[in-house]
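Here's the letter readout for the chains.
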Amino acid sequence: MNMENPKTYSRRSFLKSSALTSGGLMLSFTWLSGFRPADKMAELNLPEQWNQVTGYIQITSDNMIKIFCPNPEFGQNVMTSLPMIVAEELDIDWKNVVVEMSTHDNVKFGSQFTGGSNSVRMYWKPLREAGAAARQMLCQAAADTWGVPLAEVTTKAGILSHSSGKSAKYGEMASKAATIAVPKGMKLKDPKDFAVVRNSKKNVEGEKIVTGKPLFGLDYRVDGMLIAMIQHPPAFGLKLKSFDASQTLKMPGIKDVFTLKLYEDGFQQGGFDTRTFNDLLVIVGNTTWEVMNARKKLKVEWEQAGDVKDTLTGRGGKREVIIPGRLESSSNQLEMMQERAKQPSTVLRKDGDPETAFKNASQIIERTYNAPFLAHNCLEPINFFAHVTDEEALLAGPLQAPGWTEPTLSKLLNLPADKIEIQMTRMGGGFGRRAYGQYLYEAALISKKAKAPIKLMYTREDDMTYGIYRPMYTATYRAALDANKKLIGFHVIGGGIPENPVHANRFPAGAIDNYLAEGWEIPSNITIGAFRAPRSNFNAAAEQSFLDEVAEAMGKDPIALRLELLNRAKDNPVGKNNDYDAKRYIGVLELLREKSGWGKPENSGRKRGVAAYFCHASYAGHVVDMVMRDGQPYVEQVFSAVDCGVVVNPDAAINMVQGAVVDGIGNSLYGALTHKDGAPEQTNFHNYRIIRHNEAPKKIEVHFVENDIDPTGLGEPPFPPVFGAVANALYKTTGKRYYNQPFAVDMTKS
């Protein structure tokens, strides 16, 4: 992408672009539903410079291969790993590959959603088939040219060969190959023959990142672009009453101040739509600095919003939700949760007769766990560029879910989808925050009103106080033991503001005869959303902490108890709706025990905690070694084990696990966002505590279970069990168990 002078083309030109040019092959393919032959040269009306054309492989005459990545990139390295999958089946030399980020095209590629640890899992087969089909077409072109049977043409690293001695680069056969119908039902490589996949490749954007090349939404600029900021209410539950912008408009560089509604009354929000504050008070000017200073001169009156009715569609069907108008405080929220937990809840799963098991128990262990709201705190604050006219719209910036966003944008702007172009920049962090596109809608509506290209900017304070948080959670776990210390009953009841955290069909469901899971929710006007491994990041902390206490009460080693339960689930499972594969779960725990030296005499002096968890189709576990220095806990070393199927890019996968570990340690020990009378009490990093460099582990050793299972998830699965491992290590280090996150704050209260 040329950030300084971006060129744009209509979707119609995108659809024509997958064809021959300059003797090269462009094979267009749909990543979700197959692929189609390229158009012919005569049908093309190509721009002089290619820019953001999605869904094709381009092979130049000098054997360079360009692969466009359709999925947004925010550090999980899909821009390297997804093209590697294509390159593997295409059988090319990776050093000849050029990768670029595509623009969004909902017509061809669906949602292009990066989230839920889905990217590699969803595209593994389609990308392999696309690469294999292109290779077959090149082989067919060579066979026809040389007059030899197709079966006698072989490939290696971008070279076509025949036993007669004839050979050609892919680029020499590309033009002819593009005229051949795309074959279907291709035989794919046996994993043992992989030459690109499973071999570490450097981040294709690494050099651009370290040399400061324009990649991110904050880098995006066009001539005549203005800067916009929004003044939002200081507290959830307030709305705009009146304002005086007379002094603001006198400030240098300020063009306009106006109000807008994000959604009109009765607007039906889509699956990833949300709104925190519907009335937008907007300041538009020449530069960020000028707009920031002018915003301080606004005189604004706020009033209570009262209850608001929202109409939602998608992810559960059409429904109306009443958003309460109260001004909430964290202390009151906790009290509300404690009271709500005493009332009847929704039964999510019930196996056997848990009531009788608890009635007859010789010992009952009961513990309650609490966790606060968490802010995403992406390094790059929220921003988006928009240039909207009556005829078309161009938007560019960091976004995880363009396919979910475009339908709502089309309704808001009253423009058909083929008149909207969304260019995806690299994201400076996502973690679920950028799956919600309200800031894109804001940018588009502001541009339309201002009749100019604008970039909407949030400050760090805007970002941290605007909502879309990890919910506030609580859960009570109970275990029933008989006279022989056998686990005969298990009960979890969890709730939250405004959603419950319970995954009822996950471990230890399926491993215990008498099992009960319940959930409840409390509505709130504090907007929440996906936060790296939604719900799981709390569940794993509570569940894995509790299992350690149960193991201690039973006189069992923590890993031994987990393996005992998992073997029961593997050999004689209870129920048929268990989400997890007990065998894979066992494999992770056994690998973790081996690599960490768990239970070995030489490690007896270590203060360590263990946890393992399943989510997003993968399995991960950690052993955390902790020390106390100056009265504070520090994680010195971490051993990690993961089963995510085939690991496409090992170095990148290790980096992702390491990042999850550091992120998990920081959030479990320090992360918290609290409210007083609806106002967030933390507004920037001076009072929202995150992990410091000197608090990160000195060593994180990552191991993967080796198998040939198709890739599952990796971005999220390693994150949740960190919380539980830290909690269990704290107990071994301090002799006291902690039940309230963040643990470092809970320690000061004991």
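It should be emphasised that the depicted structure is a prediction, and the values quoted were computed from it without experimental measurement. (Residues numbered from 1 in each chain as written. Predicted model: local features only at pLDDT ≥ 70, side-chain atom pairs only at ≥ 80, totals over all residues. Heavy atoms only, no water.)

Novice: Residues and numbers for the sheet that holds strand β6 (residues 154–156), please.
Specialist: Read from one edge of the open sheet, three strands run β6-β7-β8, paired in antiparallel fashion. Single-partner strands in this sheet number two, and they are β6 and β8 (167–169). Across this sheet, the average inter-strand angle for adjacent strands is 25°, counted without regard to direction. Note that strand β7 (residues 159–161) and β8 share three bridges and pair antiparallel. What sits directly across from L160, in β8, is A168. (Pairing = 2+ DSSP bridges. Helix = DSSP H or I, 4+ residues; strand = E, 2+ residues; numbered from the N terminus. Axes fitted to C-alpha atoms, helices over the stretch in contact; angles between N-to-C directions.)

Novice: Talk me through unusual backbone geometry; I want residue IDs and the actual numbers.
Specialist: The peptide bond linking I497 to P498 adopts the cis configuration, its omega dihedral lying at 0°. Position of P498 relative to the elements: it lies in the loop between β24 (487–497) and β25 (515–521). Along the chain, F507 connects to P508 via a cis peptide bond; the corresponding omega equals 10°. In this fold, P508 is placed in the loop between β24 and β25.

Novice: Lay out the state of the cysteines in plain terms, naming residues and giving numbers.
Specialist: Taken as a whole, this structure holds zero disulfides when the rule is applied. Among the cysteines around C69, which has no disulfide bond, C644 carries the closest sulfur, lying 18 Å off. For C69, a relative accessible area of 0% gives the class buried. Distance from the sulfur of C644, which forms no disulfide, to the nearest cysteine sulfur (C615) is 12 Å. The exposure class assigned to C644 is buried, which follows from its relative accessible area of 4%. (Disulfide = S-S within 2.5 Å. Buried < 20%, exposed > 50% of the residue type's maximum accessible area, 1.4 Å probe, protein only.)

Novice: Could you give me a rundown of the pattern of salt bridges, with the residues and numbers involved?
Specialist: One pass over the full model with this rule turns up 35 salt bridges. Residue D93 pairs with K95 through a salt bridge whose shortest N-O separation is 2.6 Å. You can call K95 exposed: its relative accessible area is 64%. In this structure, D193 and K192 form a salt bridge, with 3.4 Å as the shortest nitrogen-oxygen distance. Residue K192 is classed as exposed on the basis of its relative accessible area, which comes to 66%. Ionic contacts of the salt-bridge type, sharing partners, join the residues R367, E549, E552 and R737 into one network. (Salt bridge = Lys/Arg side-chain N within 4 Å of Asp/Glu carboxyl O.)

Novice: Summarise helix α5 (residues 170–177); cite the residues concerned and give the values.
Specialist: Within α5, the full set of buried residues consists of Y170, G171, M173, A174 and A177. The arc that holds the buried residues of α5, viewed along the axis, is 160°, so those residues lie on one side. (Arc of directions from axis to C-beta.)

Novice: Before we move on, could you go through the nonpolar core and cite the residues and values that matter?
Specialist: Here is a general trend for soluble globular proteins: nonpolar side chains tend to be buried in one another's company. In this structure, L395, I446 and L456 are the most contacted members of the largest nonpolar core, which totals 58 residues. In terms of residue count, the dominant contributor to this core is helix α11 (residues 438–450) (seven residues). Counting residues domain by domain, this core receives three or more from each of domain 2 (217–310 + 382–457) and domain 3 (527–748). Contact partners of L395, with chain neighbours within four places excluded, come to F384, F385, A386, L409, I420, E421, I422, Q423, L440 and A444. Formed by 53 residues, the second largest nonpolar core is a distinct cluster that contains A475, V492, I586 and V623. (Core = buried A, V, L, I, M, F, W, Y, C linked by side-chain atoms within 4.5 Å. Domains from an automatic or database assignment. Contact = heavy atoms within 4.5 Å.)

Novice: Can you tell me about the environment of A375, naming the residues and giving the values?
Specialist: Tracing the backbone shows A375 in the loop between β18 (363–371) and β19 (383–388). Under the relative-accessibility criterion, A375 is labelled buried at 5%. Considering only alpha carbons, one finds A375 and R470, 95 residues apart in sequence, at a separation of 6.6 Å.

Novice: Could you give an account of the packing of aromatic side chains, with specific residues and numbers?
Specialist: Under the counting rule described, the total for this entry stands at 27 aromatic pairs. For the pair Y369 and Y477, a centre-to-centre distance of 6.0 Å together with 80° between the ring planes defines the contact as edge-to-face. Of this pair, Y369 sits in strand β18 while Y477 sits in strand β23 (residues 472–481); the two residues are 108 residues apart in sequence, bridging distant segments of the chain. The exposure class assigned to Y369 is buried, which follows from its relative accessible area of 4%. For the pair F614 and Y619, a centre-to-centre distance of 4.8 Å together with 35° between the ring planes defines the contact as tilted. A cation over an aromatic ring shows up here: K449 above the ring of F258, its NZ or CZ 5.8 Å from the ring centre. (Phe/Tyr/Trp six-rings, centres within 6.5 Å; stacked < 30°, edge-to-face > 60°. Lys NZ or Arg CZ within 6 Å of the ring centre and 35° of its normal.)

Novice: Explain the sheet that holds β25 residue by residue, including any values.
Specialist: Strand order in the open sheet formed by five strands is β17-β25-β24-β23-β18, and the pairing between neighbours is mixed. Strands with a single pairing partner mark the edges of an open sheet, and in this sheet they are β17 (346–351) and β18. Pairs of neighbouring strands in the sheet enclose a mean axial angle of 10°, with direction left out of account. In this structure, β17 lies alongside β25, joined through five bridges in antiparallel fashion. By the bridge assignment for β25, V347 is matched with E518.

Novice: So what's going on with the domain arrangement of the chain? Which residues, and what values?
Specialist: We note that the domain assignment places domain 1 (18–210), domain 2 (217–310 + 382–457) and domain 3 (527–748) within the chain. Across the domain 1/domain 3 interface, buried area totals approximately 1,400 Å², and carbon plus sulfur atoms make up 56% of it. Per-residue buried area on domain 1 facing domain 3 is highest for S117, R121 and R198; these three make up 40% of the total on that side. Run the count over domain 1 and domain 3 and you get one salt bridge. Measuring nitrogen to oxygen at the nearest pair gives 2.8 Å for the salt bridge that ties R198 to D708. (Buried area = accessible area lost by both parts, 1.4 Å probe.)

Novice: An account of helix α8 (residues 330–340) is requested, with residue identities and associated values reported.
Specialist: Among the residues of α8, S330, Q333, M337 and R340 are the ones counted as buried. Summarising the axial view, the buried residues of α8 lie within an arc of 85°, below the 170-degree limit, and thus occupy one face. Of the surrounding elements, those touching the buried residues of α8 are β23, β24, β25 and β29 (675–676).

Novice: Quick one: what's the story with the environment of G316, residue by residue and with numbers?
Specialist: Summarising the element assignment, G316 is placed in the loop between β15 (308–312) and β16 (319–323). Here G316 falls in the exposed class, since its relative accessible area comes to 69%. As for G316 and E172, which are separated by 144 residues in sequence, their C-alpha atoms are 52 Å apart.

Novice: Outline the side chain of D273, supporting the account with residue identities and numerical values.
Specialist: Take D273: it is sitting in the loop between β12 (268–269) and β13 (279–285). Despite being buried, D273 has no salt bridge partner; K411 is the closest side chain of opposite charge, sitting 6.0 Å away. One polar contact links the side chain of D273 to the main-chain amide nitrogen of G270, over a distance of 2.5 Å. Polar contacts involving the side chain of D273 include one to the side chain of T408, which spans 2.4 Å. If sequence neighbours within four positions are ignored, D273 has contacts with Y263, W404, T408 and Y441. (Lys, Arg positive; Asp, Glu negative; His and termini not counted. Polar contact = N/O pair within 3.5 Å; in protein donor to acceptor, adjacent residues only side chain to side chain.)

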